[in-house]
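Listed below are the residues making up each chain.
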Amino acid sequence: MIKKLIKNALLAILIVFTIAQFFGPVKNDGDLASIEGFLVDTNPPEDVKLILKNACFDCHSDHTRYPWYNNITPVNYWLADHIRHGKGDFNVSKWNDYSEKKKDHKLEELAEKVEGRHMPLPSYTWTHSDAKLTDAQIEAVTAWVQMARLKYAFVKDPE
C-alpha cells in the first residue's frame, strides 16, 4: 500500500514537472545597446568593461546572456527573480534616467558591494567562474569608480 502511494506521488510529481517545462518567465532580452549610455557616461577602461560584462551586466541591465539550464523550470524562475532584484537595485540600462545624485550613489554602492565581496553573488559565480573577481580586478573596479564619481562630486540636484 505504501509502495503504491509513493509510486503514485512520484508519478504525479513527474507529470507536474514535465508540464511545467512548457511555461517560463519572460526573458530579459533587451537590447545590448542599452548599456552604451552607462559606458559612455562612466568611461570605464577596457579591463573594467570586461569585468562589468562578465560579472555585472547579466543581472544589472536589460540584456542577459542565459545559460543552458535556464530552459529548466523551476530554475528559470529562480534566475528571473535574481535578475528582477538585480535590476531593481541597479540597472545600467536605465542609467540615463538616473539623476546625477543617484548616479553618484549607485557608483558608490557598486564599489562597496564589490570591495566587500558581496557582488557578484556566490550563486552567480558558481556557474560563471569568469565572474569571480580577483583582488586586482576589485582594485581596478574601485579605482575606476573613484574616477567616475569625480564627475558627480560637485553636482547639486535641483530642489
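Residues numbered from 1 in each chain as written. Predicted model: local features only at pLDDT ≥ 70, side-chain atom pairs only at ≥ 80, totals over all residues. Heavy atoms only, no water.

A. Up close: the overall build of the protein chain. Helix and strand counts for the protein chain come out as seven helices and zero strands. Written out in order from the N terminus, the α and β elements of the protein chain read α-α-α-α-α-α-α. Against the 2.2 N^0.38 benchmark of 15 Å for 159 residues, the protein chain shows a C-alpha radius of gyration of 20 Å, more extended than a compact globule. On the principal axes, the C-alpha backbone points of the protein chain span a range of 75 × 35 × 25 Å. Within the protein chain, the fraction of its 159 residues that count as buried is 35%. Across the protein chain, the fraction of contacts at a sequence separation of at least 24, relative to all contacts at a separation of at least 6, is 75%. Total accessible area on the protein chain is roughly 10600 Å²; 62% of this is exposed by carbon and sulfur atoms. Treating the 20 positive side-chain charges of the protein chain as one cloud and the 22 negative ones as another, the clouds have centres 10 Å apart. (Helix = DSSP H or I, 4+ residues; strand = E, 2+ residues; numbered from the N terminus. Rg over C-alpha atoms; globule rule 2.2 N^0.38 Å. Buried < 20%, exposed > 50% of the residue type's maximum accessible area, 1.4 Å probe, protein only. Contact = heavy atoms within 4.5 Å. Areas by Shrake-Rupley, 256 points an atom, 1.4 Å probe, with all protein chains shown as cover. Lys, Arg positive; Asp, Glu negative; His and termini not counted. Charge placed at Lys NZ, Arg CZ, Asp CG, Glu CD.)

B. A look at the environment of M1. Here M1 lies in the segment before α1 (2-20). For M1, a relative accessible area of 86% corresponds to the exposed category. In this structure the C-alpha to C-alpha distance between M1 and W78, which are 77 residues apart in sequence, comes to 36 Å.

C. The layout of surface pockets, seen in detail. Size it by volume and the largest pocket reaches roughly 660 Å³. Where the lining of the largest pocket is concerned, the elements lending two or more residues are α4 (75-89), α5 (100-115) and α6 (122-125). A total of seven residues in the lining of the largest pocket trace back to one element, the largest contributor, which is α4. Of the residues assigned to the lining of the largest pocket, the class counts are 17 nonpolar, nine polar and six charged. Lining the second largest pocket we find L32, A33, I35, E36, L39, K49, L50, K53, F57, D58, H63 and R65. For the lining of the second largest pocket, the secondary-structure elements that each account for two or more residues are α2 (36-42) and α3 (46-55). Broken down by element, the residue count for the lining of the second largest pocket peaks at three residues, all from α3. The residue inventory of the lining of the second largest pocket, partitioned by class, reads six nonpolar, one polar and five charged. (1 Å grid on protein atoms, 1.4 Å probe; cavity = no way out; pocket = protein on both sides within 12 Å on 5 of 7 lines; lining within 4 Å. Points joined across faces, edges and corners; volume = space filled by probe spheres on them. Nonpolar A, V, L, I, M, F, W, Y, C, P; charged D, E, K, R; others polar.)

D. Geometry of the state of the cysteines. Applying the stated criterion across every chain, the model contains zero disulfides. In this model C56 remains outside any disulfide bridge; the closest cysteine sulfur is found in C59, 9.3 Å from its own. (Disulfide = S-S within 2.5 Å.)

E. Up close: the nonpolar core. In this structure, F38, F57, L107, V141 and W144 are the most contacted members of the largest nonpolar core, which totals 28 residues. L107 has contacts with F38, T42, W95, W144, V145, A148, R149 and Y152, leaving out every residue within four places of it along the chain. (Core = buried A, V, L, I, M, F, W, Y, C linked by side-chain atoms within 4.5 Å.)

F. Fine view of α5. Look at α5: 23 Å from first C-alpha to last across 16 residues, which is about the 22 Å you get at 1.5 Å a residue. The set of residues buried in α5 consists of K103, D104, K106, L107, L110, A111 and V114. What you see down the axis of α5 is that its buried residues fit within an arc of 165°, all on one side. Buried positions along α5 lie against α2, α4 and α7 (135-149). Two residues or fewer after α5 comes R117, characterised by a positive phi angle close to 60°. (Expected span 1.5 Å × (residues − 1). Arc of directions from axis to C-beta.)

G. The packing of α5 against α7, seen in detail. Two numbers describe how α5 lies on α7: the axes approach to 9 Å, and their chain directions differ by 165°. The pairing of α5 with α7 is recorded here as roughly antiparallel in orientation. Note that α5 runs across α7; the crossing there is left-handed. Here α5 contributes D104, L107, E108, L110, A111, V114 and E115 to the contact with α7, which in turn contributes I138, V141, T142, W144, V145, A148 and R149. Considering only residue class, the contact of α5 with α7 consists of nine nonpolar, one polar and four charged. (Axes fitted to C-alpha atoms, helices over the stretch in contact; angles between N-to-C directions. Parallel < 35°, antiparallel > 145°, perpendicular 65-115°, else oblique. Left-handed = near helix turned anticlockwise from the far one by under 90°.)

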